[in-house]
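# Survey of secondary and tertiary structure
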Amino acid sequence: MESQKPPNAEPAKRSSSIPNRLPMARRGLGRTGETIQLVTNHFKVSMHSNANTGAHFYQYNVSLAYEDGHPADAKDIGRKVMDKVHETYHTEMAGMSFAYDGEKSLFTIGSLPSKKLRFTVVLEDASSNRISTARNIDSPDDGSDRKRSRRPYHSKTFNVEISFAAKFPMDSIVRASYGQPSKHLQDAARVLDIILRQHAAKKGCLVVRQSFFDNLPRNFTPLGGGVLGCRGFNSSFRATQGGLFLNMDVSTTLVIQPDPVRDFLVSNQNVKDMYHIDWSKAKRMLKNLRVKTLHSNAEWKISGLSENTCRNQTFLMKQRNEGPDGGEVRSVEVTVYDYFVKHRKISLQYSGDFPCINVGRSKRPVYIPLELCTLVSLQRYTKPLSTQQRSSLVEKSRQKPQERMQVIEQALKSNKYDANPMLRSSGISISTQFTQVEGRILPTPSLKSGNGQDLSPRNGRWNFNNKELAQPSKIDPWLIASFSSRCNMKTLIQDLIKCAKMKGISMGYPAEIFTENPQYMQQPAPVRVDKMISTMKSQFRRLPQFILCILPQKKNCDIYGPWKRQCLSGCGVPTQCIAPSAPVVNDQYLTNVLLKINAKLGGLNSLLTMGYCPSLRLISTIPTLILGMDVSHGSPGRADVPSIAAVVSSRHWPSISQYKATVRTQSPKLEMIDSLFEPLHNSEDSGIIRGALLDFYKTSAKRKPEQIIIFRDGVGESQFNQVLNIELEQIIEACKLLDEQWHPKFMVIIAQKNHHTRFFQNGSPSNVPPGTIVDNTICHPTNNDFYLCAHAGMIGTSRPTHYHVLLDELGFSADDLQQLVHSLCYVYQRSTTAVSLVAPVCYAHLAAAQVAQFIKFEDLPEPSSGHAAAPVPQLPSFHEKVADTMFFC
């Protein structure tokens, strides 16, 4: 790579100063486009005329400890303890209501009687692993029923300390309600959000950040595998240009079906009976779930499974010998099975042949036969969904715009926030009317196909009927690897070649067709792939340009990951996987397949007409590098699974349609990308950005980018400053190390899809039109942000993308910037529709997701507790022949 370094470059010395960039202020509102009147799910917050605006919110630190002084940090204990404090010591707390976040903070309106208060409370039903020790459970760890009966069942003493931390004025809410900035606005909004969470928790809801889920049968949808989709709602306070609003929306989470553990495991692993259970998977699945025991009606948290079956797992039971003085106490080894059947007189039908549930600790286990355990309701399911489950969830959670509006209205009314004592004390009133906003419909970007023909997108869609692709590729030689016997191979090949010809792609008959040997079909997926690759190498000695892989089922089958790894990392051959659901496929299916193949082989399907708007001229006349960056994480239940950072970078300037991807692992749950700049000795750098800069230089007539536009996905508002001062600084340092005299200008834009703002056409059953943009009323009071719905929402309610412009050294006007973002939703080469998110970010998602299939980290065993953190596993490197291609398409 060093040979490609721009000439006359002077390496720079690294700066030791720490930058302090802040998000930029809005420079103005956009004006381009046809206006459209909309309503949104933001509800106006106002203050009562008699509200005490001179009052203060007081913040207190909360410390909870057991009677022995150990911290009481078990999940879900805090709210129970603080509810008991409020009930028992109401007078000592001057009769004040408080908002408790469930962890370390408590808020009041006005001060408590003292800056430090100490209380002691006893909970009669406190369930956690700390509380539920072997001494107070009907378990084989303690054989003395007489001794157990003398102990208060399920009671625990807690010491609570509440100490003053800070205070801030409530008039920040008043200022926010008028759209005015305030120093303490975020603090006040946080208190209001905590009030909502506490309100939901007291109703018995499952609380997931600002989303709340009731345990009502109508809210649950079976997804298969022992998993339920649970519908709830999300509500949070937002300070905007138009004042303070409550944003309320429908929300969905996944919960465990509250079945007996046996039924759940059989369903979850999709096996016919318990004898086919994979117990290593079962252990990972059950860990930390809560169960209720049938013999004692007690609730416990699962810590693991026994090493042996119930019939063979032993423990030492204390027994007293018979005698006049009570006899001597001795320890007798007994199996868990015999203990429950012979000593407890509990009949066990099937548990003897299977492991026991462990609800104790690793050093002091407490075993319960499996059939005596039933899963508790409203427990989140945090493992990855199967393709079928995901499709079912999407299908069943979709709501048309008018239906969604009705559900939101019902949720707002049923929550009765106006009756909440804390909100009442704050003087807050929440409107029940959707807020009216004015949007604009941006002009549709102009596209070209082959031979300069115009493509005319309508409603966010276009087609290639009677048109060739903009830059069609030549495919020769190519192979077919088939793991399936469902499709009609002869018809598929003929139709694919015919469709390719119509699109301008030169594609002859495949050089070879390889069909899987039936004797390997029952082997593990990696073995099946290795056998197929070995056969292909032995029978076809040349390196094919492309391989079409026919999978036995949908794309997420077990073969997909190993196949992609072999082709992209081992062989260096682009590949396209298909899984036809019928023996004969239609022309639209084949066209979509060919769009992906053409992009992977270096072709272009459609091109933006660069002169249709000023912003495109600004990046087509000045060398401009566009980056799309994203970090994806493992499932919430796996803190050991490495995060995956993906960066795509534009190439072949002035094109903004072709990208190279770099994907790397990093520490689990780390949101900031830590490998953008990795300086080595001798002025070298192994970071991601150096590779992107050199690739741009190599493919863009040896021009260095004078402008760098960064689209960053997956970060919240609390991390904006980190993007500006950590990630951007890494990128600047990478540029300086290449050439100290080179100072490109930067633009940094955050793209968010994980939000709950929706727009509706009042009185219309349809979604908002593609190109709908809103940059007023509900947007940030000072920062530069806007909502854009670039795509045509055909099913459900469209979700706009929320863009935050953190930095703009390029000096774009609001209209130019918004049209640039809109245009980048039309350069996605995989389809003939505008996408909801700019293409560079979509490509970063695809690259991360595809490479994550190389090593399925979720399937790796979890490390033992107490062990040092293992080094982050590295992904296999790409073969040089495909590293620079759009392999992710």
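Refer to the structure printed above.
Attention in this report is confined to the structure presented alongside it. (Residues numbered from 1 in each chain as written. Predicted model: local features only at pLDDT ≥ 70, side-chain atom pairs only at ≥ 80, totals over all residues. Heavy atoms only, no water.)

### Here we look at the overall build of the protein chain
Rules: Helix and strand definitions follow DSSP, with helices as H or I runs of at least four residues and strands as E runs of at least two, each counted in order from the N terminus. The globule rule used for comparison is 2.2 Å times the number of residues to the exponent 0.38, while the radius of gyration itself is calculated over C-alpha atoms. To sort residues, take the accessible area from a 1.4 Å probe on protein chains only and compare it with the maximum for the residue type: under 20% means buried, over 50% means exposed, and anything in between is partly exposed.
Within the protein chain, the secondary structure is distributed over 19 helices and 40 strands. Radius of gyration (C-alpha) of the protein chain: 31 Å, near the 29 Å computed for a compact globule of 889 residues. Judged by the C-alpha coordinates and their principal axes, the protein chain covers about 105 × 80 × 60 Å. Taken across its 889 residues, the protein chain has 54% of its residues classed as buried.

### A word on the sheet that holds strand 13 (residues 290–293)
Quick note on the threshold: DSSP bridges decide pairing: two strands pair if at least two such bridges lie between them. A fitted line through C-alpha atoms serves as each axis, taken over the contacting stretch for helices, and the angle formed by two N-to-C directions is quoted from 0 to 180°.
Read across the sheet, three strands follow the order 14-13-20 without closing on themselves; strand pairing throughout is antiparallel. Since the sheet does not close on itself, it has two edges, and those belong to strand 14 (299–301) and strand 20 (373–375), each with one partner. Within the sheet, the average angular offset between the axes of one strand and its neighbour, ignoring direction, is 40 degrees. Here strand 13 runs beside strand 20; their pairing, made up of three bridges, is antiparallel. By the bridge assignment for strand 20, threonine 293 is matched with cysteine 373.

### As for the packing of aromatic side chains
Here is the rule we go by: Two rings belonging to Phe, Tyr or Trp (six-membered ring only in the last case) form a pair when the distance between their centres is within 6.5 Å. Interplanar angles under 30 degrees mark stacking, angles over 60 mark edge-to-face geometry, and anything in between is tilted. For a Lys NZ or an Arg CZ to count as sitting over a ring, it must be within 6 Å of the ring centre and within 35 degrees of the ring normal.
One pass over the full model with this rule turns up 23 aromatic pairs. Their ring planes at 25 degrees and their centres at 5.4 Å tell us that tyrosine 828 and tyrosine 843 sit as a pair that is stacked. With tyrosine 828 in the loop between helix 18 (814–823) and helix 19 (839–852) and tyrosine 843 in helix 19, the pair connects residues that are 15 residues apart, well separated along the chain. Tyrosine 843 shares its class with tyrosine 828; the two are buried. Grouped by ring-pair contacts, the aromatic residues Tyr659, Tyr828, Tyr843, Phe854, Phe878, Phe887 and Phe888 constitute a single cluster. Here lysine 44 stacks its cationic end above the ring of phenylalanine 245, 5.2 Å away from the centre of that ring. Sitting above the plane of the tyrosine 337 ring, arginine 311 keeps its charged end 4.6 Å from the centroid.

### Notes on helix 6 (residues 279–286)
Heads up, the rule is: We call two residues contacting when some pair of their heavy atoms lies within 4.5 Å.
Taken as a whole, helix 6 has its buried residues at Ala282, Arg284, Met285 and Leu286. Where helix 6 is buried, its residues contact helix 5 (261–268), strand 15 (304–309) and strand 18 (355–358). Phi turns positive, to about 75 degrees, at asparagine 288, one or two residues after helix 6.

### Remarks on the nonpolar core
Rule in force here: Nonpolar cores were defined as sets of buried Ala, Val, Leu, Ile, Met, Phe, Trp, Tyr and Cys residues, with membership established by side-chain atoms within 4.5 Å.
One finds Phe711, Tyr803, Val821, Leu824, Tyr843 and Phe888 to be the most contacted residues of the largest nonpolar core, which totals 89 residues. No other element matches the eight residues that helix 19 contributes to this core. Those residues within four positions of valine 821 in sequence are excluded, and the remaining contacts are Phe711, Ile749, Phe786, Leu788, Tyr803 and Val838.

### Here's the deal with the packing of helix 12 (residues 525–539) against helix 13 (residues 560–571)
We apply this condition: Here the angle decides the label: under 35 degrees means roughly parallel, over 145 means roughly antiparallel, 65 to 115 means roughly perpendicular, and every other value means oblique. Helix crossings fall into two classes, left-handed where the near helix is turned counterclockwise from the far one by less than a right angle and right-handed where it is turned clockwise.
For the pair helix 12 and helix 13, the least separation of the axes is 9 Å and the interaxial angle reads 45 degrees. Relative to helix 13, helix 12 is oriented oblique. Here the hand of the crossing between helix 12 and helix 13 comes out right-handed. Along its contact with helix 12, which presents Ala525, Pro526, Val529, Asp530, Met532, Ile533, Met536 and Lys537, the element helix 13 presents Pro562, Trp563, Gln566 and Cys571.

### Things to note about the environment of glutamate 403
By secondary structure assignment, the location of glutamate 403 is in helix 9 (residues 401–415). Sequence-wise, glutamate 403 and arginine 262 are 141 residues apart; in three dimensions their C-alpha atoms are separated by 38 Å.

### A closer look at the sheet that holds strand 31 (residues 607–608)
The three strands lie next to each other as 24-23-31, forming an open sheet whose pairing is antiparallel. Edge positions in the sheet fall to strand 24 (454–455) and strand 31, since each of these pairs with one other strand and no more. Across two bridges, strand 23 (residues 447–448) lies against strand 31 in antiparallel orientation. Opposite lysine 448, over in strand 31, you have leucine 607 as the bridge partner.

### Description of the environment of lysine 669
With respect to the element layout, lysine 669 can be found in the loop between strand 34 (659–666) and helix 16 (688–699). Relative accessible area serves as the criterion here: at 38%, lysine 669 is assigned to the partly exposed category. Sequence spacing of lysine 669 and valine 641 is 28 residues, and the spatial spacing of their C-alpha atoms is 8.3 Å. The contacts of lysine 669, once residues within four sequence positions are left out, are His633, Gly634, Ser635, Pro636, Arg638, Ala639 and Ser643.

### Here we look at the state of the cysteines
The test is simple: Criterion for a disulfide: a pair of cysteine sulfur atoms at a distance within 2.5 Å.
Counting across every chain of the model gives zero disulfides. We note that cysteine 310 lacks a disulfide partner, and the nearest cysteine sulfur, in cysteine 356, lies 3.8 Å from it. For cysteine 310, a relative accessible area of 0% translates into the label buried. Take cysteine 499: it sits in no disulfide, and the sulfur closest to it among the cysteines is that of cysteine 487, at 16 Å.

### A short note on the pattern of salt bridges
Applied cut-off: Here, a salt bridge means any side-chain nitrogen of Lys or Arg that lies within 4 Å of a carboxyl oxygen of Asp or Glu.
Under the counting rule described, the total for this entry stands at 27 salt bridges. Among the ionic pairs, arginine 440 bridges to aspartate 775, the shortest N-O distance being 3.2 Å. Linking arginine 440 in strand 22 (residues 435–441) with aspartate 775 in the loop between strand 38 (772–774) and strand 39 (784–789), this pair joins segments that are 335 residues apart in sequence. Of the two residues, arginine 440 and aspartate 775, neither departs from the other in class, the shared state being buried. Each of Asp249, Arg404 and Arg758 takes part in one network of salt bridges that share partners.

### Quick look at the packing of helix 11 (residues 489–502) against helix 14 (residues 587–600)
Relative to each other, helix 11 and helix 14 sit at 65 degrees, their axes nearing to 10 Å. In terms of orientation, helix 11 lies roughly perpendicular with respect to helix 14. In terms of crossing hand, the pair formed by helix 11 and helix 14 is right-handed. Side by side, helix 11 and helix 14 meet where Leu492, Asp495, Leu496, Cys499 and Ala500 of the first sit next to Asp587, Leu590, Thr591 and Leu594 of the second.

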